[in-house]
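# Summary of the model geometry
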Amino acid sequence: KDQFDYEFSGPVGALATMVSLPIVTLLLTHWASVGRVDIHGILASDDDVASSCSSNDNNGDSSSSVASASIYDKILHSNVLCPSCTTNNDDEDGEYPSSTLLQCATIVLLWFLFQVLLERILPCALVKGAPLPDGSGKRLVYRINGHLAFWVTLLLLDVAWPRWIDIDHGGKSVLAFGRAPVTWLYDHYSTLAFVTILWTILLSSYLYVKSFFGKGVLLAVGGNSGNPFYDFFLGRELNPRCLGSTFDWKEFCELRPGLIGWMLLDLAMLSKQYDRMGYVSGSMILINIFQGIYVWDALYQERAILTTMDITTDGFGFMLVFGDLAWVPFTYSLQARYLVDHDPMLKWPTLVAILGVNVLGYLIFRGANGQKDAFRRDPDAAEVSHLTYLQTKRGTKLLTSGWWGMARKINYTGDWIMGLSWCMLCGFESIVPYYYAIYFAILLVHRSIRDDHMCQEKYGDDWGKYKAIVPYRFIPGVI
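Residues numbered from 1 in each chain as written. Predicted model: local features only at pLDDT ≥ 70, side-chain atom pairs only at ≥ 80, totals over all residues. Heavy atoms only, no water.

A few words on helix α17 (residues 435–459). For α17, which comprises 25 residues, the first-to-last C-alpha distance of 35 Å matches the rise-based estimate of 36 Å (1.5 Å per residue) to within 8%. Within α17, the full set of buried residues consists of Tyr435, Tyr436, Ala437, Tyr439, Phe440, Leu444, Ser448, Arg450, Asp451, Asp452, Cys455 and Tyr459. In the stretch just after α17, Gly460 is the one whose phi turns positive, near 65°. (Helix = DSSP H or I, 4+ residues; strand = E, 2+ residues; numbered from the N terminus. Expected span 1.5 Å × (residues − 1). Buried < 20%, exposed > 50% of the residue type's maximum accessible area, 1.4 Å probe, protein only.)

Core analysis: the largest hydrophobic core is formed by 103 residues, its most contacted members being Trp262, Tyr332, Tyr435 and Tyr436. Considering every element that reaches this core, the biggest residue donor is helix α9 (residues 249–277), with twelve residues. Each residue touching Trp262, except ones within four places of it in the same chain, is listed here: Gln291, Tyr294, Val295, Val328, Pro329, Tyr332, Ser333 and Trp422. With twelve residues, the next largest nonpolar core counts Ala368, Ala374, Phe375 and Val384 among its residues. (Core = buried A, V, L, I, M, F, W, Y, C linked by side-chain atoms within 4.5 Å. Contact = heavy atoms within 4.5 Å.)

Any two aromatic rings considered together are summarised by their centre-to-centre distance and by the angle between their planes. Taken as a whole and assessed by the stated rule, the structure comprises 37 aromatic pairs. With a centroid separation of 6.2 Å and an interplanar angle of 25°, the aromatic rings of Phe112 and Trp249 are classed as stacked. Here the residue Phe112 occupies a position in helix α4 (residues 97–121), and Trp249 occupies one in helix α9, the gap between them amounting to 137 residues. Across the pair, exposure class does not vary: Phe112 and Trp249 are buried alike. Seen from their ring centres, Phe112 and Phe252 are 5.4 Å apart, and the 80° between their planes marks the pair as edge-to-face. With Phe112 in helix α4 and Phe252 in helix α9, this residue pair connects regions lying 140 residues apart in the sequence. The residues Phe112 and Phe252 share a single accessibility class, namely buried. (Phe/Tyr/Trp six-rings, centres within 6.5 Å; stacked < 30°, edge-to-face > 60°.)

The subject of this paragraph is empty space enclosed by the protein. Taken as a whole, this structure holds four cavities of 30 Å³ or more when the rule is applied. Here the largest cavity is characterised by a volume of approximately 90 Å³. Along the walls of the largest cavity sit Gly129, Ala130, Pro131, Leu132, Pro133, Leu140, Tyr142, Leu238, Asn239, Leu306, Ile311 and Thr312, which together make up its complete lining. Among the secondary structure elements, those contributing two or more residues to the lining of the largest cavity are β1 (125–131), β2 (139–144) and α11 (309–312). Per-element accounting of the lining of the largest cavity gives the leading share, three residues, to β1. Grouping the constituent residues of the lining of the largest cavity by class yields nine nonpolar, three polar and no charged. (1 Å grid on protein atoms, 1.4 Å probe; cavity = no way out; pocket = protein on both sides within 12 Å on 5 of 7 lines; lining within 4 Å. Points joined across faces, edges and corners; volume = space filled by probe spheres on them. Nonpolar A, V, L, I, M, F, W, Y, C, P; charged D, E, K, R; others polar.)

With that settled, consider the packing of helix α10 (residues 282–300) against helix α14 (residues 348–377). Helix packing for two helices is described by the angle between their axes and how far apart those axes are. Close contact between α10 and α14 brings their axes to 11 Å; oriented N to C, the two are set at 5°. Viewed along their axes, α10 and α14 adopt a mutual orientation that is roughly parallel. Where α10 abuts α14, its residues Gly282, Ser283, Leu286, Phe290, Ile293, Trp296 and Asp297 lie against Leu351, Ile354, Leu355, Asn358, Tyr362, Phe365 and Arg366. A class-by-class count of the residues in the contact of α10 with α14 yields nine nonpolar, three polar and two charged. (Axes fitted to C-alpha atoms, helices over the stretch in contact; angles between N-to-C directions. Parallel < 35°, antiparallel > 145°, perpendicular 65-115°, else oblique.)

Counted by the stated rule, this structure contains 18 salt bridges. When the shortest N-O distance is used, the salt bridge between Glu302 and Arg256 registers 3.3 Å. You can see Glu302 sitting in the loop between α10 and α11 and its partner Arg256 sitting in helix α9, a full 46 residues away along the chain. Like Arg256, Glu302 is buried. Each of Glu7, Asp314 and Arg450 takes part in salt bridges that share partners, so that together they form one network. (Salt bridge = Lys/Arg side-chain N within 4 Å of Asp/Glu carboxyl O.)

Following the sequence through the fold, Asp297 ends up in helix α10. Assessed through its relative accessible area of 3%, Asp297 is described here as buried. Among the polar contacts made by the side chain of Asp297, one reaches the side chain of Tyr362 at a distance of 3.0 Å. Apart from the residues lying within four places of it in its own chain, the contact partners of Asp297 are Tyr362, Phe365 and Arg366. (Polar contact = N/O pair within 3.5 Å; in protein donor to acceptor, adjacent residues only side chain to side chain.)

Another aspect to go through is a nonpolar patch on the surface. Together, Val37, Ile39, Ile431, Ile438 and Ile442 make up a nonpolar patch on the protein surface, roughly 500 Å² of accessible area in all. When you line up the elements, Ile39 lands in the loop between α1 (10–34) and α2 (46–56). (Patch = residues over 30% accessible without salt bridge, like charges linked within 9 Å, V, L, I, M, F, W, Y side chains within 5 Å. Areas by Shrake-Rupley, 256 points an atom, 1.4 Å probe, with all protein chains shown as cover.)

Here we come to the state of the cysteines. All told, the structure shown has one disulfide when counted by the stated rule. Each disulfide pairs two cysteine sulfurs, and for Cys82 the partner residue is Cys85, the sulfurs being separated by 2.0 Å. Around the S-S axis, the bridge from Cys82 to Cys85 shows a dihedral of about -85° and counts as left-handed. No disulfide involves Cys104; its sulfur sits 11 Å from the nearest other cysteine sulfur, which is in Cys85. By relative accessible area, which is 0% here, Cys104 ends up buried. A disulfide-free cysteine, Cys423 has its sulfur positioned 7.1 Å from the sulfur of Cys426, the nearest such atom. Residue Cys423 is classed as buried on the basis of its relative accessible area of 0%. (Disulfide = S-S within 2.5 Å.)

Okay, here's the thing in structure tokens:
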């Protein structure tokens with residue numbers, strides 16, 4: 001039997017990633033709040049554990065106080081790693097944390113179901129994806145209405161949030177509709193991140209088990225190693241579906257709950273800053289514009305993801321489930337969260353310069369992706385018919401001019417430049433907002449290596465010829 005071609009350093013690396021990423025997410029949400037990398041207080045102290053145990057003891061028995069708390073107790077009582085998990089007498093809302101956890105978990109679940117409902121009931125375009133890799137030539141059909149769901153969500157949150165209004169001081173109440181109290185998301189930011197992580201673990205577990213019992217399941221090559229940790233991480237099933245095979249879990253999660261949720265968190269931070277200061281800073285306005293356009297663009301171009309590696313190649317396991325639903329909304333909104341409490345109040349020339357950086361990145365990103373998608377749809381179309389390409393033995397055409405003649409991953413470069421502009425809006429006093437530029441550079445380099453490896457297997461000698469024609473990966477003439 002051939003040796004399985006593991007990625008991510010194999011099962012050990014997959015397990016380490018599954019353990020570390022949720023911790024990193026919770027640390028980042030905490031550090032954005034305090035405005036710096038703070039390793040103190042990550043674990044609860046012995047005194048904190050003893051105090052909480054004592055407050056929970058109805059008999060007032062101090063025997064629950066111990067000289068040295070276990071690591072489990074220190075995590076359970078940590079406001080960073082397990083927010084709202086234990087009773088805190090200083091809770092500003094006067095709520096029991098168990099109630100807070102349940103409330104946040106319910107909100108996250110309802111948000112997910114709300115997006116599912118929109119996907120089901122809104123008008124859609126039925127679009128065929130790429131041919132399945134099993135050689136059958138079959139193409140799955142996808143319901144494309146994410147762009148409409150985006151605008152309907154914003155409209156309903158702005159004018160259709162229900163609440164009861166007392167119209168005669170305790171006598172009669174009427175149901176009214178208005179703007180949703182989005183600042184609640186700021187107040188429960190860390191707890192929402194925590195329960196979302198728990199939901200991703202549950203969904204990943206369901207999808208893993210389902211892959212063993214579903215009828216006609218097509219397994220992803222990369223997630224069918226036989227090692228449970230690795231396959232749980234990568235995802236065994238390529239295109240898990242339900243509701244009569246009309247609801248595609250992966251395509252839905254790729255763009256809907258997490259991406260739109262990211263923009264909603266940004267708006268919550270903007271609203272919170274306004275409540276506190278009576279105005280909104282230039283940095284907060286621009287971060288909402290930059291990231292709002294980014295989210296809108298992804299949903300407007302929804303059908304473009306049907307030919308990406310995430311959809312065509314990777315299984316739907318913890319890696320994508322966690323990334324789509326937890327990592328994206330709660331770490332990509334980090335700059336907005338940071339600005340609420342640590343806004344550098346940048347002067348307008350600096351803001352204009354950062355705007356220029358973002359526009360440059362967007363032009364590269366959208367120009368490259370738009371050109372690729374247009375060429376895939378119709379190579380003879382007027383806007384791409386002038387482009388040169390390498391005809392491969394397997395019938396695919398690889399662009400060798402235009403944006404794609406400059407560098408093989410020029411779209412990644414534009415994407416990273418946009419991300420850098422988000423970080424720059426937070427000034428230069430803390431490295432915390434710059435985590436995105438650092439992480440994203442590592443991610444894109446790793447992803448480009450995965451792409452290169454897969455293309456080498458896919459195209460054989462033709463890939464070497466293509467790399468000779470387009471030698472640069474990210475920046476023309478540099479790298």
